[in-house]
Amino acid sequence: MRHFSGSHKSCTSRGDPVAACSTLNDSFPLDPITENYVRQVRDCIFSAVHPEPFNSAVKLVAVSKEVVEDLLDLDLSITETKEFIQFVSGAQILAGSVPLTHRYGGHQFGIWVGQLGDGRAHLLGAYTNRHGIRWELQLKGSGKTPYSRDGDGRAVLRSSVREFLCSEALNYLGIPTTRAASLVVSNDDIKRDQFYNGSVKNEKGAIVLRVAKSWFRFGSLEILAYSGETELLRKLVDFIIKLHFPLINVTSSNRYLEFFAQVVTDTSYLIAQWMSVGFAHGVCNTDNFSVLSVTLDYGPFGFMDFYDPNSVPNTSDDEGRYKIGNQASVGRYNLDKLRKALKSLLNHKQQLLAEQILKGYPDLYQTKLMELFKAKLGLIGHDNNDDYLIAYLLKLMEDTRADFTMTFRQLSEITQQQLAANSISEEYWAIQDLARHKKFSYWINLYLSRLNRNTETPMAHQPSEHYGAQLRQGPTLAHCSEKASLYLQRLITSLRQAILASGNLRLEEATDSLPVPSLRRCVTLQRMYKQSIHLHSAAAQRQSSKGALHLD
């Protein structure tokens, strides 16, 4: 077995030395209390805590071949060994490793709640692979920590399967995300009230080995700012900049401002990508927003079945704060909290500039979203009416409850001639739903006219009847969908077999909140990898200032 480093050891790749891992526990003061009990922690970034193995035997349920082989430089056969299973279940710590749990805080549903932290996660170490990319390995569901609050430190199979599947699915969609390397399940009974209705049931405990370049969040900085630990805050931000933002000069007096500007840009792009596939994170608290702008912590997430900006995947979000149509606004709110956390590191002029940087967030978000949506519809170049065209389509979809994913998928497949003749066969069932709207023909005319005004013709050599469909297909979908489809189908099959073999709950129960296909969809979870676009457009916002956009 090729070895991962401990959190303070140098790393090796395929047995050859590479750059040493940055030393988390050598760079920051550790919690001086070594006993593992719930408490308020100060003046540190991490507490040293070992994982708590399950009492019963564990079984490896799933492995990501790509993560194991490409990110961690391991032969896949390693996953069949006793040593690997012990490592990914927290039963064996590599020599020299010091497992860490991270202290952070956060604003949850708009309220500062103070200390949160890794309540059921343990950072095992860091590894720099043969490509020179550093990855941090973290167990989730591996036992209690000083930050567990009232929790039991465990995760159940149901939620662990969801995290494993969705993090890998978003990766194949090209959306920045943490990764899942492995999933083990035990026979330990973990009590959970799944729907918060007083019906507590026993579920099987599970642990996911998660991989990310960093687990630092907005809340990592917030807890230090709120606690007045300014020098430790400065030290942490300098560490993050040096390790993860190589284009920023770590000695520059404007480094914190540049850091904030980059996070604003990257966060706006991330949320635009979420919206482009109809993904709702579900719990957009500041402790769930990564400073590297990757999708972090998969809880009650969901995907839209049909276009509905009020879609709320989180059943405990009674007010709909984190509904899918509000994610962009929540992103700005969270960035403002990050700005305030950095305030003590900025002089007066820099503080004013940070405010101006944040004011640019809506335009950054809108520009990225338009880029994604226009690519999906095959729109090339700029047209002043593009925002209107997109907003109008979304209104049609909302009114007819047309399938969100398949509407765009089928628009990428149908020819311009079929649309112009209103000859829409049963195979384009989502467009048939859309066509029930009395304004559908009006929109089709706008769309076809816009396609004819494209300023480039990269596929002009194709037969004319296929030009529109192939152009609208888009490069991302054309190159990744088949690979993603096969990968997810293999993954789901292996999960089903392992779950059934271990006598645990059915796959359908394990994935109860994942999008469930209707009879017209051909593959379970197929819609997770098919690219679709949602637009919370500037045009729609302008229309809302005048009144609702009516298509009657």
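Everything numeric in this text was worked out from a predicted model, so none of it was measured.

The rules behind the values
- Residues numbered from 1 in each chain as written.
- Predicted model: local features only at pLDDT ≥ 70, side-chain atom pairs only at ≥ 80, totals over all residues.
- Heavy atoms only, no water.
- Helix = DSSP H or I, 4+ residues; strand = E, 2+ residues; numbered from the N terminus.
- Buried < 20%, exposed > 50% of the residue type's maximum accessible area, 1.4 Å probe, protein only.
- Contact = heavy atoms within 4.5 Å.
- Areas by Shrake-Rupley, 256 points an atom, 1.4 Å probe, with all protein chains shown as cover.
- Expected span 1.5 Å × (residues − 1).
- Arc of directions from axis to C-beta.
- Polar contact = N/O pair within 3.5 Å; in protein donor to acceptor, adjacent residues only side chain to side chain.
- Salt bridge = Lys/Arg side-chain N within 4 Å of Asp/Glu carboxyl O.
- Axes fitted to C-alpha atoms, helices over the stretch in contact; angles between N-to-C directions.
- Left-handed = near helix turned anticlockwise from the far one by under 90°.
- Nonpolar A, V, L, I, M, F, W, Y, C, P; charged D, E, K, R; others polar.
- Core = buried A, V, L, I, M, F, W, Y, C linked by side-chain atoms within 4.5 Å.
- pLDDT = per-residue confidence, 0-100.
- Phe/Tyr/Trp six-rings, centres within 6.5 Å; stacked < 30°, edge-to-face > 60°.
- Lys NZ or Arg CZ within 6 Å of the ring centre and 35° of its normal.
- Pairing = 2+ DSSP bridges.
- Parallel < 35°, antiparallel > 145°, perpendicular 65-115°, else oblique.
- Lys, Arg positive; Asp, Glu negative; His and termini not counted.

## Here's the deal with the overall build of the chain
- Scanning the chain for helices and strands turns up 19 helices and 14 strands.
- Across the 552 residues that make up the chain, the buried fraction comes to 57%.
- Nonlocal contacts in the chain, meaning residues at least 24 apart in sequence, comprise 71% of its contacts between residues at least 6 apart.
- On the chain, roughly 22800 Å² of surface is accessible, and the fraction owed to carbon and sulfur atoms is 50%.

## A short note on helix 9 (residues 348-359)
- Look at helix 9: 17 Å from first C-alpha to last across twelve residues, which is about the 16 Å you get at 1.5 Å a residue.
- For helix 9, the complete set of buried residues consists of Gln350, Gln351, Ala354 and Leu358. Viewed end-on, helix 9 has its buried residues packed into an arc of 105°, placing them on one side of the element. The exposed set on the far side of helix 9, more than 90 degrees from its buried face, consists of His348, Lys349 and Lys359.
- Its side-chain oxygen at 3.2 Å from the backbone nitrogen of lysine 349, asparagine 347 defines the N-terminal cap of helix 9.

## As for the pattern of salt bridges
- Within the structure shown, the criterion is met by 28 salt bridges.
- Of the charged contacts, one joins arginine 42 and aspartate 43 as a salt bridge, the two residues approaching to 3.7 Å between their closest N and O atoms.
- Judged by relative accessible area, arginine 42 falls into the partly exposed class, the value being 45%.
- A residue is classified by how much of its surface remains accessible, and aspartate 43, at 45% relative accessible area, is partly exposed.
- Put simply, glutamate 168 and arginine 179 hold a salt bridge, and the shortest N to O gap is 2.7 Å.

## So, the packing of helix 11 (residues 386-400) against helix 15 (residues 440-452)
- Between helix 11 and helix 15, the shortest axis-to-axis distance is 10 Å and the interhelical angle comes to 145°. Where helix 11 crosses over helix 15, the handedness of that crossing is left-handed. Across from Asp386, Tyr388, Leu389, Tyr392, Leu393 and Leu396 in helix 11, the residues of helix 15 making contact are Phe440, Tyr442, Trp443, Leu446, Tyr447 and Arg450.
- Split by residue class, the contact of helix 11 with helix 15 holds ten nonpolar, no polar and two charged.

## Focus: the nonpolar core
- With 93 residues, the main nonpolar core has Leu221 and Phe259 as its most contacted residues.
- Per-element accounting of this core gives the leading share, eleven residues, to helix 7 (residues 255-276).
- Listed in part, the 21 residues of the second largest apolar core include Val68, Val88, Leu139 and Val184.

## So, the confidence of the model for the chain
- Overall, the prediction assigns the chain a mean pLDDT of 84, with 78% of residues at 70 or greater.
- For the stretch residues 3-22, pLDDT sits under 50, and the model shows 71 contacts to residues farther than four places along the chain or on other chains.
- Predicted confidence is poor over residues 457-481, with pLDDT under 50, and the contacts of this stretch with residues over four places away or in other chains come to 53 contacts.

## Looking at the packing of aromatic side chains
- Throughout the structure, instances matching the rule amount to 21 aromatic pairs.
- With a centroid separation of 6.4 Å and an interplanar angle of 90°, the aromatic rings of phenylalanine 216 and phenylalanine 239 are classed as edge-to-face. With a gap of 23 residues between them, phenylalanine 216 in the loop between strand 12 (201-212) and helix 5 (218-226) and phenylalanine 239 in helix 6 (residues 230-244) connect regions that are remote in the sequence.
- Taking the relative accessible area as the measure of exposure, phenylalanine 239 reaches 12% and is therefore buried.
- Linked through ring pairs, Phe218, Trp274, Phe279, Phe289, Tyr298, Phe301 and Phe303 together constitute an aromatic cluster.
- When the ring centre of phenylalanine 301 is taken as origin, the NZ or CZ atom of arginine 162, which lies over that ring, is 4.0 Å away.
- Over the aromatic face of tyrosine 269 sits the side chain of lysine 368, whose NZ or CZ is 5.2 Å from the ring centroid.

## So, the environment of serine 316
- Tracing the backbone shows serine 316 in the loop between strand 14 (302-303) and helix 8 (327-342).
- Serine 316 sits 33 residues away from valine 283 along the chain, and the two C-alpha atoms are 9.8 Å apart.
- At a separation of 2.7 Å, a polar atom in the side chain of serine 316 contacts the side chain of asparagine 314.

## A closer look at the pairing of strand 7 (residues 111-115)
- For strand 6 (residues 105-108) and strand 7, the ladder comprises three bridges, and the chain directions are antiparallel. Following the sheet pairing, histidine 107 is matched in strand 7 by tryptophan 112.
- Following strand 6, the chain reverses through two residues before pairing antiparallel with strand 7; phenylalanine 109 in that reversal takes a positive phi of roughly 50°.

## Description of the packing of helix 5 against helix 6
- Helix 6 packs onto helix 5 with a crossing angle of 160° between their chain directions and a minimal axis gap of 9 Å. It follows from the interaxial angle that helix 5 and helix 6 lie roughly antiparallel. Classified by chirality, the crossing of helix 6 by helix 5 is left-handed. Contacts between helix 5 and helix 6 pair Ser220, Leu221, Leu224 and Ala225 from the former with Leu232, Leu233, Leu236, Val237 and Ile240 from the latter.
- When its residues are assigned to classes, the contact of helix 5 with helix 6 shows eight nonpolar, one polar and no charged.

## Some words on the side chain of aspartate 287
- Locating aspartate 287 in the fold gives a position in the loop between strand 13 (279-280) and strand 14.
- Of the side chains with opposite charge, arginine 217 comes closest to the buried, unpaired aspartate 287, at an N-O distance of 5.3 Å.
- If we skip the residues at most four places from it in the chain, aspartate 287 touches Tyr104, Gly105, Gly106, His107, Gln108, Leu116, Arg217, Gly219, Leu296 and Asp297.

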